[in-house]
Amino acid sequence: MGSRMSKRLLDAGFKVSVWNRSPAACEPLLQRGATPLKLANISQAYVIMLCLADDDAVQQVINQILPFLQPNQIIIDFSSLSVQATQQLATQVSQKQVAWIDAPVSGGVMGAENGSLVIFAGGDNKTVDAVTPILTHVSQRVTYMGKTGTGQATKICNQLIVAATSTLISEAVELAKRAGVDTT
């Protein structure tokens, strides 16, 4: 997801620096014009975007970049995390006067490729407004949900609704099939 979102930002003319825990994953973006990021140089970035697998992965990356963070930077975390981890991470970076926006996305890989993701944003409303011009290149909609953690809570609720709906559809199709309905 992160590489596809980065590609969209490059295509929109943004200067994008990339880093990955697996450096080879950056190669296609470097070939498209991204610059490699050395973690020590992260202090020069105004906006830092994360897109990682889980709470532990984000915590590991924050631990690596924390010494280099500077006041007034903004971290946008597209990862799907627990509300508790999100709030703890936001508190951790706030010690350096860095803003945190939890911005989990919905729409999958295809949504990332075509810029049709939906972003549920939690954090300071003015900060979300400030980065929305960037986010519009990777999403069709950015919805401000409230304080830090509310973006993550909304994503969890959204996933529960999707899972419940999928289960109900499956059950309805099975019921119809058992009643003799051609469900093909």
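Here we summarise the structure given alongside this text.

About the criteria used
- Residues numbered from 1 in each chain as written.
- Predicted model: local features only at pLDDT ≥ 70, side-chain atom pairs only at ≥ 80, totals over all residues.
- Heavy atoms only, no water.
- Helix = DSSP H or I, 4+ residues; strand = E, 2+ residues; numbered from the N terminus.
- Buried < 20%, exposed > 50% of the residue type's maximum accessible area, 1.4 Å probe, protein only.
- Contact = heavy atoms within 4.5 Å.
- Lys, Arg positive; Asp, Glu negative; His and termini not counted.
- Charge placed at Lys NZ, Arg CZ, Asp CG, Glu CD.
- Expected span 1.5 Å × (residues − 1).
- Pairing = 2+ DSSP bridges.
- Right-handed = clockwise from strand over helix to strand, strands pointing away.
- Core = buried A, V, L, I, M, F, W, Y, C linked by side-chain atoms within 4.5 Å.

1. Notes on the overall build of the protein chain
Helix and strand counts for the protein chain come out as 7 helices and 8 strands. For the C-alpha atoms alone, the extent of the protein chain along its principal axes is close to 65 × 35 × 30 Å. Taking all 184 residues of the protein chain together, the buried fraction comes to 35%. A fraction of 63% describes how many contacts in the protein chain between residues 6 or more apart in sequence connect residues 24 or more apart. Of note, the protein chain has its 14 positive side-chain charges centred 6 Å away from the centre of its 13 negative side-chain charges.

2. Examining helix α4 (residues 83-94)
An α-helical segment advances 3.6 residues per turn. Residues three or four places apart therefore align on the same side. Here α4 is 12 residues long and its end C-alpha atoms lie 16 Å apart, about the 16 Å a rise of 1.5 Å per residue gives. Summarising the contacts, the buried residues of α4 are in contact with α3 (55-65), β4 (74-77), β5 (99-102) and α7 (150-178).

3. A look at the pairing of strand β8 (residues 139-146)
Bridge count for strand β7 (residues 117-122) against β8 is 6 bridges, and the pairing is parallel. The partner of Gly 122 across the bridge, within β8, is Gly 146. With helix α6 (residues 125-135) bridging β7 and its parallel neighbour β8, the resulting β-α-β unit is right-handed.

4. Concerning the nonpolar core
Ranked by size, the top nonpolar core spans 24 residues in total, and within it Met 5, Ile 76, Phe 78, Ile 101, Ile 119 and Val 131 carry the most contacts. Among the elements of the structure, α1 (2-11), β4, β7 and α6 are those that each provide at least two residues to this core. The leading source of residues in this core is α6, at 4 residues. Those residues in contact with Phe 78 that lie beyond four places of it in its chain are Met 5, Met 49, Leu 50, Cys 51, Ala 103, Pro 104, Val 105, Ile 119 and Leu 135. Judged by nonpolar contacts, the second largest core, of 16 residues, contains Val 61, Ile 62, Val 98 and Trp 100.

5. Remarks on unusual backbone geometry
Positive phi, normally seen in glycine, also occurs at Asn 72, with a value near 80°. Structurally, the position occupied by Asn 72 is in the loop between α3 and β4. A positive phi is found at Gln 97, a non-glycine position, where the angle reads about 60°. Tracing the backbone through its elements, the reader meets Gln 97 in the loop between α4 and β5. What makes Gln 97 exposed here is its relative accessible area of 55%.

The analysis is restricted to geometry; functional conclusions fall outside its scope.
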